[in-house]
Amino acid sequence: MIFQDKALMCSDCGTGFIFSASDQKFFHSRGFRNEPKRCPGCRDKRSQGICLASDAIHTSAPDAPCDIETPAENVVDFESFALSPKVFAGVRLSGYVKPTLIQSKAIPHALAGSDIIGLAQTGTGKTAAFVLPMLQRLEAHRNGNIRGLVISPTRELAEQTNESIASLGRRTGIRAISLYGGVGMTPQMRSLRDGVDIVVACPGRLLDHVWQGSIDLSSVEMLVIDEADRMFDMGFLPDINNILRYLPQKKQILLFSATMPDDVRQLVQAYLHNPVTVQVGHVAPASSVTQVFYPVKQHLKSALLMDLLRQIETESVVVFTRTKHRAERVAEQLKNAGFKVTSLQGNLAQSRRQTAIDSFRRGKVKILVATDIASRGIDVLRISHVINYDMPDTADAYTHRVGRTGRIDNTGEAYTFVCPEDAEMVRIIERMLGRKVERRMLAGFNYDEESPKTESVRLTGSRRFGQRAPVTRGAGGRPPYRRVTRSAIP
Ligand code: AMP
């Protein structure tokens, strides 16, 4: 494929910028196929976590075109990371054949020197996702100074990480030690004096060494904060802040966490520079989002939606439906009722899709009705409400929908319409959240209204156009079809 510099117009500031051939090549190799919509300056401004993308995976690079949808399946080979032969040998000797998803997503950015927020749990291969880039970076100029620091919440994790470094780095000559409490300081001091490249430490013991003057952190180039949420649960926040004071200003930070509680967000905002967010699996929605379930019958959903929209104060609102068809229909109903609304679903041509996104992004239209897939890649900062008109199919989809509100400093509300048939999904979501979600009824809404359209639908046999279906009697004299109710909205 031949790449040539392209002149593009920034959708935020309106100035022209060049999408260089080398950038195109880089993004193409990462699976991105669209052009960036913003100039690098505007992208940087927006990159603090406001890019929305993907289903199970969310990757937003500050230097990547953040409107671009991330391919769902972009697992690469270890070869494509261009690791040094000694680091690569460690990968093979550890028996790793293919990178895990978090490794595929995080390693290229880490190697490029970006700060990273890795939203992944233990068991995803997250350790190698930061160990390999660290080995690669440190291998080149070993000088006996501590250039890599990993902070772990527990000694078990510190030990495991140290073992991973030993295993993956066995051919590099890189020396690592782990420091944690409950064992003597003296042997640790001796190892530090002998010179190490990487320290894996629990916060308390690390500070003991700092205050005793037995460790010098002034050469650290790469810092990993592992299991950050757990660290904060354990009350280590003051220690982390303290440790950061002893590190050089210029350093790469990789933060891994299974969830994003407010404490972790604050840390990210304070210390990470234009971080790339890489996510694998469930991450419970931020606590800044109020989640509410609205029990409702299927045929009353549209009426409830309209009454809700009339009663609540909103900024931008995203309404999620399960199907493209329904997104269109709900948008149409809202439009007919006088709401300014646009819809986004897979059937739209790219130009109409772009018009819909732009009018929503600029605030010309406050309500967007969308399906999960169509809504990927919309980056709108001030979405005050997410309304799940239809229950999402998976807990991941729920998390991602809800995550479109309450971003960074903002609070948000996520309402989900719940029908009796959604009981199983309700259970799954509440299990993921670890708590019950508040149920709310809308004041003044007529929950008893009958379905406006009830018809008998024959489920078996065929029916010619314009002909009355022949009703044959079964053995027990009952007709061989069931009576089902269809609501006004399919
Ligand atoms: P972690 O999530 O880092 O605790 O890793 C979980 C387990 O996966 C550890 O036993 C690792 O050795 C293993 N592991 C990590 N990356 C790979 C890989 N690419 N292929 C096979 N196993 C891996």
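Whatever comes next refers back to the structure up there.
Below or above, wherever it landed, is the structure these notes cover. (Residues numbered from 1 in each chain as written. Predicted model: local features only at pLDDT ≥ 70, side-chain atom pairs only at ≥ 80, totals over all residues. Heavy atoms only, no water.)

### Considerations on the overall build of the protein chain
Part 1 of the reasoning: Within the protein chain, the regular secondary structure consists of 17 helices and 17 strands.
Part 2 of the reasoning: With 490 residues in all, the protein chain has 53% of them scored as buried.
Part 3 of the reasoning: Accessible surface, the protein chain as shown: approximately 22800 Å² in total, 50% of it carbon and sulfur. (Helix = DSSP H or I, 4+ residues; strand = E, 2+ residues; numbered from the N terminus. Buried < 20%, exposed > 50% of the residue type's maximum accessible area, 1.4 Å probe, protein only. Areas by Shrake-Rupley, 256 points an atom, 1.4 Å probe, with all protein chains shown as cover.)

### Side note on the pairing of strand E6 (residues 176-179)
Part 1 of the reasoning: Pairing analysis gives four bridges linking E6 to strand E7 (residues 198-201), with the strands arranged parallel. Note that in E7 the partner of Ala176 across the bridge is Ile198.
Part 2 of the reasoning: In this region the chain leaves E6, passes through helix H7 (residues 185-194) and returns to the parallel neighbour E7; the handedness of that crossover is right-handed. (Pairing = 2+ DSSP bridges. Right-handed = clockwise from strand over helix to strand, strands pointing away.)

### Here we look at helix H8 (residues 203-212)
Part 1 of the reasoning: Where H8 is concerned, the buried positions are Pro203, Arg205, Leu206, Leu207, His209 and Val210.
Part 2 of the reasoning: Against the buried residues of H8 lie strand E5 (148-151), E6, H7, E7, helix H9 (228-233) and helix H10 (237-245).
Part 3 of the reasoning: In the stretch just after H8, Gly213 is the one whose phi turns positive, near 75°. (Contact = heavy atoms within 4.5 Å.)

### A few points about the sheet that holds strand E12 (residues 316-320)
Part 1 of the reasoning: Pairing in this open sheet of seven strands is parallel, and the strands run E13-E14-E12-E15-E16-E11-E17 from one edge to the other. Sheet topology places strand E13 (341-344) and strand E17 (438-439) at the edges, where each strand pairs with a single neighbour.
Part 2 of the reasoning: One ladder, built from five bridges, connects E12 with strand E15 (residues 383-388); its direction is parallel. Counterpart to Val317 in the pairing with E15 is His385.
Part 3 of the reasoning: Sheet contacts for helix H17 (residues 423-433): strand E11 (289-295), strand E16 (412-418) and E17; angle to E11, the most-contacted strand, approximately 160°. (Axes fitted to C-alpha atoms, helices over the stretch in contact; angles between N-to-C directions.)

### What to know about helix H5 (residues 126-139)
Part 1 of the reasoning: For H5, with 14 residues, the first-to-last C-alpha span of 20 Å sits near the 20 Å given by 1.5 Å per residue.
Part 2 of the reasoning: By the criterion of burial, H5 is predominantly enclosed, with 12 of the 14 residues buried.
Part 3 of the reasoning: Here H5 has its buried residues at Lys126, Thr127, Ala128, Ala129, Phe130, Val131, Leu132, Pro133, Met134, Leu135, Leu138 and Glu139. (Expected span 1.5 Å × (residues − 1).)

### Details of the pattern of salt bridges
Side chains that carry opposite charge are capable of pairing whenever their charged atoms lie near each other.
Part 1 of the reasoning: Counting across every chain of the model gives 17 salt bridges.
Part 2 of the reasoning: Its salt-bridge partner being Glu221, residue Arg137 comes within 3.1 Å of it at the nearest N-O pair. Taken together, the residues Arg137 in helix H5 and Glu221 in the loop between H8 and strand E8 (222-225) connect sequence positions 84 residues apart.
Part 3 of the reasoning: Given a relative accessible area of 32%, Arg137 falls into the partly exposed group.
Part 4 of the reasoning: Across the pair Lys436 and Glu430 runs a salt bridge whose closest N-O atoms are separated by 3.6 Å. (Salt bridge = Lys/Arg side-chain N within 4 Å of Asp/Glu carboxyl O.)

### Quick look at the environment of Ala331
Part 1 of the reasoning: Mapped onto the fold, Ala331 is located in helix H13 (residues 324-336).
Part 2 of the reasoning: Residue classification places Ala331 among the buried residues on the basis of a relative accessible area of 5%.
Part 3 of the reasoning: On a C-alpha basis, the gap between Ala331 and Ser302 in space is 9.9 Å, while along the polypeptide they are 29 residues apart.
Part 4 of the reasoning: Those residues within four positions of Ala331 in sequence are excluded, and the remaining contacts are Val341, Ser343 and Val369.

### Topic: the packing of aromatic side chains
Part 1 of the reasoning: Under the definition given, this model contains seven aromatic pairs.
Part 2 of the reasoning: Taking the centre distance of 6.5 Å and the plane angle of 20° together, the rings of Phe78 and Tyr96 count as stacked. In this pair, Phe78 sits in the loop between strand E3 (57-60) and helix H3 (85-93) while Tyr96 sits in the loop between H3 and helix H4 (101-111), placing the two residues 18 residues apart along the sequence.
Part 3 of the reasoning: Of the residues examined, Tyr96 reaches a relative accessible area of 30% and is grouped as partly exposed.
Part 4 of the reasoning: Taking the centre distance of 6.1 Å and the plane angle of 45° together, the rings of Tyr389 and Phe417 count as tilted. Of this pair, Tyr389 sits in the loop between E15 and helix H16 (395-402) while Phe417 sits in strand E16, and the two are 28 residues apart along the sequence.
Part 5 of the reasoning: Site record: aromatic cluster; members linked through ring pairs are Tyr294, Tyr389, Tyr415 and Phe417. (Phe/Tyr/Trp six-rings, centres within 6.5 Å; stacked < 30°, edge-to-face > 60°.)

The values are spatial; any link to function lies outside them.
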